[in-house]
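Chain residues, written in single-letter form:
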Amino acid sequence: MLNYYCTWNAQNCARPDAVLEPSAEGAADGLYSSQVFLGADGAKKARDYLDEDSIFGSGDLTGQFAPVRDQLYFLLDDGWDVPRGTHPVNDAAIESFGSLELARDRFPSFPGTPAQRLRGVNEALKARGWRGAGLWVSAQACGEGFVSGFWSREKSAEYWRTRLRWSREAGIGYWKIDWGCRQFDPQWRQLLEELKQQEYPQLHMEQCHPAAAPVNNVVLENGRQISDGRFASWSPWPDRWAEILRNAEIFRSYDVLWQFSQVSTLDRIAALMRACPSAHTIINCEDEAYIGAVLGCSIGVMRSGLYRPIPVFDFDPQHNAQKLHEITRAVKWQAQYPELPICGSALRCSEATVQERFCFAPGQTWMKEYEHQTITQACPAVITRGMEHLPEIVCADALQPLIIASRRGQSVAAASLPRRDGAAWRIPRAQISLPEARHAGLFGEWDCVRIAIPPEGFSSVRARDLADGAWTDVTRQTVRKGRQLVIPGDLIDRLCRCDDESAPGLELQLEGVSN
């Protein structure tokens, strides 16, 4: 599996001083403001927080996700390889990024050569139960850029061969290549993929194309959006993303606003899979765990139970910090059904779409320009992989459901995802009819799930919450109607009750054959 926990969101809102952030204008008067979380200013605070104490010491970032952290890389995000106080505030300052050497002021307890110091961190993470270390990588070499100039292919290759060898010696498992002076350069990213195959083919390398905005195709004119909020029509970005994706092992769907997380992410995934159907690339869907589980995407976990409530900034409007069991459930499902490359399963999307609209008040987004603006995003209402036909969906709720589903052999998976309803998010309860299967992963809240019964039938049905692993015989709590097995939604709810706000994640198995 290619899943990881990324420190970035915790760098923002798990740091102890996040709850008492004075604004630049009001610090002397003791005033607190959401301004410090906006754009580059917020990133400075987050970048400066990352060090060995936040990871291994008082910050306890490594103490999270105990049930599945042996299956997650622990990815050190932006800040680990630059001295504290270093920020990309101008073209010259950007050139400090990309060293891939642990910053000595941040990690003083790890001595030795660059490779030895990385190995020390990697071994410390493994000792805490994690699969190993992953690294955020700036899209450039340290010392090149818009002021000093860009290096030749030969000089770049020598530089990155050295760093790949450091990672190989240290046992680093994952590189997340992000922004930098070469962030939009597909030839540079392809060079890294080629060097990886030569120097360290076991390394997993994630590429991206940083988005022009964390929402899809938003054009504002005279205070209103005049564009459709769809990724495929957001020229020229879909073509540029696809150019990098086609040569990547893993491609990240990139940043979205929390209020639109499901819709914006799904529309990007659908558009990219349509544009590149023969690609051997796996899409990383960031923190959307159930999207990853059902659609075969890798997951970059961002949520954290260490978030601190911040009065001036609504960092977590969908309460993901209270939905940690979703990560356990998704990762455990993927242990059985790992990520699939785009070419590994056919995509189908409904013509019908869902739309989300949100008017941002100050403190509800780090995008200052969206304050007091109503933004719209849209995506297909139903998205599937590996199915011959779209599933039948019936929903009496006035709020249109957002459904994803997939099939692999004799297994199916489906998720009903949150929609915004007024000031909160909830999952409309729908009925879904799925094709023949003996094994199912059912995520989210449902009215009921109908699964076509295989010709050989079954003698019993068992189910378990993916978060705890205890099987229960539910034969008498399900209903056989003709050639369908009906699983009531309230049965899924009961079996998946937990101590946080996570939506259910149930594994169901048909046992035996009919007499």
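In what follows, the accompanying structure is described. (Residues numbered from 1 in each chain as written. Predicted model: local features only at pLDDT ≥ 70, side-chain atom pairs only at ≥ 80, totals over all residues. Heavy atoms only, no water.)

Examining helix 11 (residues 325-336)
Logical step 1: In this model helix 11 runs 17 Å from its N-terminal to its C-terminal C-alpha over twelve residues, within 8% of the 16 Å that 1.5 Å per residue would give.
Logical step 2: Among the residues of helix 11, E326, I327, T328, R329, A330, V331, W333 and Q334 are the ones counted as buried.
Logical step 3: Buried-residue contacts for helix 11 involve helix 10 (289-295), strand 10 (300-301), strand 17 (411-417), strand 21 (439-443), strand 23 (460-465) and strand 27 (505-511). (Helix = DSSP H or I, 4+ residues; strand = E, 2+ residues; numbered from the N terminus. Expected span 1.5 Å × (residues − 1). Buried < 20%, exposed > 50% of the residue type's maximum accessible area, 1.4 Å probe, protein only. Contact = heavy atoms within 4.5 Å.)

A word on the pattern of salt bridges
Pairing between side chains becomes possible if they bear opposite charge and their charged atoms approach one another.
Logical step 1: Within the structure shown, the criterion is met by 31 salt bridges.
Logical step 2: Its salt-bridge partner being R303, residue D287 comes within 2.9 Å of it at the nearest N-O pair. In this pair, D287 is assigned in the loop between strand 9 (282-284) and helix 10 and R303 in the loop between strand 10 and helix 11, connecting sequence segments 16 residues apart. Each of the two residues, D287 as well as R303, counts as buried.
Logical step 3: Salt-bridge contacts for E356 lead to R419; the nearest nitrogen and oxygen are separated by 2.6 Å. Taken as a pair, E356 in strand 12 (residues 353-359) and R419 in strand 18 (residues 419-421) lie far apart in primary sequence, 63 residues in all.
Logical step 4: We classify R419 as buried; its relative accessible area is 4%.
Logical step 5: One connected set of salt bridges, linked through shared partners, spans D178, E206, R252, D255 and E286. (Salt bridge = Lys/Arg side-chain N within 4 Å of Asp/Glu carboxyl O.)

Considerations on the sheet that holds strand 27
Logical step 1: If you trace the eight strands from one edge of the open sheet to the other, you get 11-14-16-17-21-27-23-24, paired in mixed fashion. Two strands in the sheet have a free side with no partner beyond their single neighbour: strand 11 (347-349) and strand 24 (472-473).
Logical step 2: As defined by bridge partners, strand 21 adjoins strand 27 across five bridges and the pair is classed as antiparallel. Counted as the bridge partner of F443 is G505 from strand 27.
Logical step 3: On the sheet, helix 9 (residues 261-275) packs against strand 11, strand 14 (382-385), strand 16 (402-408) and strand 17 and is oriented at approximately 125° with respect to strand 11.
Logical step 4: Helix-sheet contacts for helix 11 involve strand 17, strand 21, strand 23 and strand 27, and the interaxial angle to strand 21 is about 160°. (Pairing = 2+ DSSP bridges. Axes fitted to C-alpha atoms, helices over the stretch in contact; angles between N-to-C directions.)

Focus: the nonpolar core
Logical step 1: Ranked by internal contacts, the top residues of the largest apolar core, which has 150 residues, are W80, W160, W175 and L434.
Logical step 2: Considering each element in turn, this core owes the most residues, seven residues, to helix 9.
Logical step 3: The contacts of L434, once residues within four sequence positions are left out, are M387, P391, A405, V412, A414, L442, V449, R450, I451 and A452. (Core = buried A, V, L, I, M, F, W, Y, C linked by side-chain atoms within 4.5 Å.)

Quick notes on the pairing of strand 26 (residues 484-488)
Consecutive side chains along a regular strand alternate between the two faces of the sheet.
Logical step 1: Inspection of the sheet shows strand 22 (residues 448-452) paired to strand 26 by five bridges, in the antiparallel sense. Paired with A452 across the bridge in strand 26 is Q484.
Logical step 2: Both strand 25 (residues 479-481) and strand 26 contribute to a ladder of three bridges, which runs antiparallel. Of the residues in strand 26, the one forming a bridge with V479 is V486.
Logical step 3: Between strand 25 and strand 26, which follow one another and run antiparallel, lie two residues, and G482 among them has a positive phi close to 60°.

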